[in-house]
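Tertiary structure, described
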Amino acid sequence: MSLFSFSDPILINIPDGTLIYYPDFFAVKDANFYFNVLLRNIAWQQDTITVFGKTYLQPRLTALYANNDKPYSYSNINMLPHMFFSELDSIKSRVEAVTKTNFTSCLLNLYRNGNDSNGWHSDNEKSLGNDPVIASVSFGAQRMFQLKHKTNKALKQNILLSHGSLLVMKGKTQEFWKHQIPKTTQKVTPRINLTFRYIN
């Protein structure tokens with residue numbers, strides 16, 4: 001693996017929250033390597049979600065990895081973790097060094113094409129504690145990451161997450177903002193997203 005090198009982070013100015021974006025956190029060679037390893041070796045699953053009494057398959061594949069056996073629950077889905085393996089642990093260590101945060105768990109999403117998405121939500125489960133730090137790493141196709149303020153509808157933010165990028169959400173972001181990955185009609189190749197978090 002090559003030495004890690006990236007440009008200065010971009011502080012995205014939003015009220016009631018903190019967003020820090022590293023567009024080239026991983027060099028292209030390393031990002032390609034990790035994308036291929038994760039695509040092949042992650043234990044991807046497709047859970048169901050119930051909305052207004054109707055049950056659907058989630059429009060993406062997911063997996064949970066951790067350094068412990070603590071489950072993670074969201075949207076009435078209870079996920080049991082797999083143990084970190086070496087490449088995942090290397091990514092985590094790199095993210096921890098820059099964010100100065102220890103993470104116990106990683107929720108991964110695989111967006112197979114433009115029809116796969118993740119609807120409006122906040123990462124505000126009780127198990128994450130107050131003002132959680134969420135570190136989001138992207139490998140693969142670029143996808144638009146959208147945010148909207150929960151009370152001020154005029155406040156919105158779009159970020160095109162690039163291959164090998166890192167987006168850090170912290171402070172009051174999860175309390176005051178929702179985010180999503182929308183569907184796209186553009187023909188896009190797969191994208192893998194890793195969201196590192198500390199589960200109490």
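Everything discussed here concerns the structure shown above.
Reference entry: report on the structure contained in this document. (Residues numbered from 1 in each chain as written. Predicted model: local features only at pLDDT ≥ 70, side-chain atom pairs only at ≥ 80, totals over all residues. Heavy atoms only, no water.)

Another point: the sheet that holds strand β13 (residues 156-161). Pairing in this open sheet of 4 strands is antiparallel, and the strands run β10-β15-β12-β13 from one edge to the other. Since the sheet does not close on itself, it has two edges, and those belong to β10 (118-121) and β13, each with one partner. Going from strand to strand, the sheet's axes swing by 15° on average, the running direction of each strand aside. Of the strand pairs in this sheet, β10 and strand β15 (residues 177-181) are connected by 2 bridges, and their pairing is antiparallel. Bridge pairing in β15 links N118 to I181. (Pairing = 2+ DSSP bridges. Helix = DSSP H or I, 4+ residues; strand = E, 2+ residues; numbered from the N terminus. Axes fitted to C-alpha atoms, helices over the stretch in contact; angles between N-to-C directions.)

Attention now moves to the packing of helix α1 (residues 28-41) against helix α2 (residues 86-99). Any two packed helices are characterised by the angle at which their axes cross and by the distance between the axes. Here α1 crosses α2 at 135°, and the two axes come no closer than 10 Å. Classed by the angle they form, the pair α1 and α2 counts as oblique. Judged by the twist between their axes, the crossing of α1 over α2 is left-handed. Of the residues in α2, those touching α1 at F33, Y34, V37 and L38 are E87, L88, S90 and I91. Of the residues belonging to the contact of α1 with α2, the class tally is 6 nonpolar, 1 polar and 1 charged. (Parallel < 35°, antiparallel > 145°, perpendicular 65-115°, else oblique. Left-handed = near helix turned anticlockwise from the far one by under 90°. Contact = heavy atoms within 4.5 Å. Nonpolar A, V, L, I, M, F, W, Y, C, P; charged D, E, K, R; others polar.)

Of all hydrophobic cores here, the largest spans 29 residues; its most connected members are L88, I91, V95, L108, F139, L194 and F196. Of all elements in the fold, only β2 (18-22), α1, β5 (61-66), α2, β9 (105-111), β11 (134-140), β14 (165-170) and β16 (191-197) reach the threshold of two or more residues within this core. Aside from chain neighbours lying at most four places away, what touches L194 is L38, L88, I91, C106, L107, L108, A135, S136, V137 and F139. By size, the runner-up hydrophobic cluster in this structure holds 22 residues, among which are Y111, I134, L147 and W177. (Core = buried A, V, L, I, M, F, W, Y, C linked by side-chain atoms within 4.5 Å. Buried < 20%, exposed > 50% of the residue type's maximum accessible area, 1.4 Å probe, protein only.)

Where strand β3 (residues 48-51) and strand β4 (residues 54-57) come together, 4 bridges link them in antiparallel fashion. In the sheet register, V51 faces β4, and the bridge partner there is K54. What sits between the antiparallel neighbours β3 and β4 is a turn of 2 residues, in which F52 has the positive phi angle 50°.

Next up on the list: the environment of K126. Within the secondary structure layout, K126 lies in the loop between β10 and β11. Residue K126 is classed as exposed on the basis of its relative accessible area, which comes to 82%. In this structure the C-alpha to C-alpha distance between K126 and T173, which are 47 residues apart in sequence, comes to 15 Å.

This part covers the side chain of N193. Mapped onto the elements, N193 comes out in strand β16. Polar contacts involving the side chain of N193 include one to the main-chain carbonyl oxygen of V137, which spans 3.1 Å. For N193, the residues in contact, after removing those within four places along its chain, are L107, L108, N109, Y111, S136, V137 and S138. (Polar contact = N/O pair within 3.5 Å; in protein donor to acceptor, adjacent residues only side chain to side chain.)

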